[in-house]
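The lines below spell out each chain.
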Amino acid sequence: MLTVKNLTKKFGGFTAVSAVNFSVEKGEILGLIGPNGSGKSTIFNMLSGVHFPNNGSINFQNQELSGLQPQSICELGIGRTFQIPRPFKRLTILENVALAGYFGNQNVSKSQAWSYAEEALHLVGLPSDPNIEIATLGAAGLKKLELAKALATKPNLLLADESLGGLDHSEMDQAAEMLKNIRKELGITIIWVEHIMGVLMKVVDRVMVLDHGEKIAEGSPEKVSKDKKVIEVYLGSDAKEIAKAAKR
Amino acid sequence: MNNNYIIGLLTLILLSLPFIGVTGYPLHIVITILIWSFAYTGWSIMGRFGLVSLGHGAFMAMGGYITALLWNYYGLTPWIGIPIALILTAFLAIIVGYPCFKFRIIGHYFALVTLALSEVVRQVIIATRDYTGGSLGYTPEPHGEGGWSIYALQFPDDRTAFLFIAVFIWIIGILIWKYIDNSMSRYALEAISEDEDASAAVGVKVTREKLKITVISALITAFAGALYCQYQMFISPDTIGGVGISLQIVFAVVVGGIYSALGPTVGAIITLLLAEILRISIGTARVCVTDDFCLNASGFPLFIYGIMLIVFIIFLPKGIVGSLMDFFKNNSSKKIKTEN
Ligand SMILES: Nc1ncnc2c1ncn2[C@@H]1O[C@H](COP(=O)(O)OP(=O)(O)O)[C@@H](O)[C@H]1O
Ligand SMILES: [Mg+2]
């Protein structure tokens, strides 16, 4: 479904993503993990057209994506969430998602868009009452809203960027169940970026590990979690993360 | 709903004015207010989404001047001249808007680019003074003997005819405002005004939506310019163009209310009446501080405008209509709460 070759992104002299190759099969959940700053979100930004790659190709359903605008990529069937939620605060929750339902799909009526929005909100477990303001949502709610917006565009491929960040343990398990459920119900393919490894490993079919913009491992969750290099690079930084989180 | 009743009632009252004895100067003021309301409504259609254009004076001047020039030089009736003026205005709006939106010139930068547009169009009018009369102004030639003519869209000495035209276009303006308010484009533009990237990520064609609203807005304003010209039978770069008019438009809408259909109309009523009152009461009087130090008071209205603008932006950012609506909404929701 998606084949990425030699994908490279430089910010000035700094290489954020360096010649990364990978592919995703239809119906699969691919986990994308790595320490902070390893280039995960940058890969998403290239897949969704926010950044143009400096080099490499992105082939999605036999179409080249690099160079396309975000709205065209959305139209082709890739939905994304943002790591830091970006809700439209001047619209209600339902309107946020209905907007995605309307503009993310071609030739839909207003009422169709609204029913897409209700479905998507139901899937992520948010209320679909028409008058609820964004301000009523907490961190977990905003993450869910990001997912609902992406789902309302009816994607074939969903790019979920750290949908667990800022959630507590039970919320995390719920969210992981939700992603599994989304795949089951909608039959869509998912790339899931996360650096909370435990939860992710339970859900994904395959994992790819990034470090400093390079792919350092790829395979089944079991295989990757025993990989020496991954333990060295990732657990080290993970330990730091945990320490940081504990301080807060 | 309630809003529609107000508009319907207003229309009836306006249309009956000439028959209940409102003629002459008062009727002139009403017509002027309606034409400007139409222009202001046009501006607010995009202004409400944070697309603050200081270039609408340019669009208004395009509407007026092109229509008048085509009439004077080619005898082209305004019925064809106005559509041509509108097409050319749409071109100008696209030529300026497209690069702005493509290269993400937003906020203050957008205001500055459009400000320059106002001045450029004014300078073009002045530079081509051999044809346009420059800063001295321009007059569409009276048709035939100078009487009533539908063909020439000239109704000298018949304010009633023009009142009907003005009421008609004023309502059209309000209806367009409401149509957009109910459309999906409104949601898209609200989203765009907050976050262009996030809007594009859910499939919104950002550049296209912004361009669409800009063209609609420019067309309404140009149309207002053309009607102003047909009504006054005189235009000059300073009465329907330039930075001054662009700022006047923004000011009136901010005062009236940018987020409500009747806001621009209320803004027009208040600012134009204020300007008339100040002009009549102060006019060209001179204020003498000492015997030989006198100030020309003609700048005084502008001074009051400036103060009002500051006061409104700080204390009533939603304008008079928006604030009143909030006030009533809060009161009625309080009522519901106590009833429960
Ligand atoms: N727009 C940008 N401009 C400059 N540097 C950036 C930009 N986006 C990301 N980076 C840098 O690229 C690196 C990878 O970032 P990112 O992809 O966000 O990491 P991750 O999502 O894996 O935590 C970081 O060092 C980050 O500072
Ligand atoms: Mg990231």
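Note that this is a predicted model, so its numbers are computed, not measured.

**Student:** Explain the interface of chain A and chain B to me, and be specific about the residues and the numbers.
**Tutor:** Each partner contributes residues to the interface: chain A has 24 residues there, and chain B has 23 residues. Note on chain A versus chain B: buried area summed over both sides is about 2100 Å², and carbon and sulfur give 62% of it. In terms of surface lost to chain B, no three residues of chain A exceed Phe 88, Arg 90 and Phe 103 of chain A, which account for 32% of the buried area on that side. Counting the contacts that link chain A with chain B gives four salt bridges. Applying the counting rule to chain A against chain B returns ten residue pairs in polar contact (both at pLDDT 80 or more). Taken together, the elements giving at least two residues each to the side of chain A that touches chain B come down to α2 (70-76), α3 (93-103) and α4 (110-124) of chain A. Here the side of chain A that touches chain B takes six residues from α3 of chain A, the largest share from any one element.

**Student:** With reference to specific residues and values, describe the domain arrangement of chain A.
**Tutor:** Residue and element names in this part refer to chain A. Domain parsing of chain A yields domain 1 (1-24 + 34-68), domain 2 (71-169 + 185-194) and domain 3 (196-248). On the domain 3 side, the residues contacting the 15 residues of domain 1 number 13 residues. Carbon and sulfur atoms supply 55% of the area that domain 1 and domain 3 bury against each other, a total of about 970 Å² over both sides. Of all residues in domain 1, Gly 34, Pro 35 and Ser 38 bury the most surface against domain 3, accounting for 40% of the area lost on that side.

**Student:** Explain the environment of Ser 199 of chain B to me, and be specific about the residues and the numbers.
**Tutor:** Secondary-structure assignment places Ser 199 of chain B in helix α9 (residues 196-201). Residue Ser 199 of chain B is classed as buried on the basis of its relative accessible area of 0%. For Ser 199 of chain B and Phe 327 of chain B, which are 128 residues apart along the polypeptide, the C-alpha to C-alpha distance reads 32 Å. Residues within four places of Ser 199 of chain B in sequence aside, it is in contact with Phe 88 of chain A together with Ala 191, Ile 192, Val 204 and Val 206 of chain B.

What counts and how
Residues take numbers from 1 onward in each chain, read along the sequence in its written order. Key to labels: chains lettered from A, ligands numbered from 1, both in the order written. Side-chain atom pairs in this predicted model are given and counted only at pLDDT of 80 or more, local residue features only at pLDDT of at least 70, and totals for whole chains, interfaces and linings cover all residues. The basis for every side-chain value is the complete set of heavy atoms in the structure, and neither hydrogens nor water enter the calculation. Contact between two residues is taken to exist if any of their heavy atoms lie within 4.5 Å; hydrogens are not considered. Accessible area, probed at 1.4 Å, shrinks when two parts are joined; the buried area is that loss added up over both. In the sections that follow, a salt bridge refers to a side-chain nitrogen of Lys or Arg positioned within 4 Å of a carboxyl oxygen of Asp or Glu. Identification of polar contacts relies on pairs of N or O atoms within 3.5 Å, with a donor-acceptor requirement for protein atoms, meaning one able to donate a hydrogen and the other able to accept it, and with residues adjacent in sequence counted only if both atoms are side-chain atoms. Each helix is a run of H or I in the DSSP string that is no shorter than four residues. Each strand is a run of E no shorter than two, and both are numbered from the N terminus. Where each domain begins and ends follows an automated or database-derived domain assignment. Each residue is placed in one exposure class: buried if its accessible area under a 1.4 Å probe, protein chains only, is under 20% of its type's maximum, exposed if it is over 50%, and partly exposed if it falls in between.

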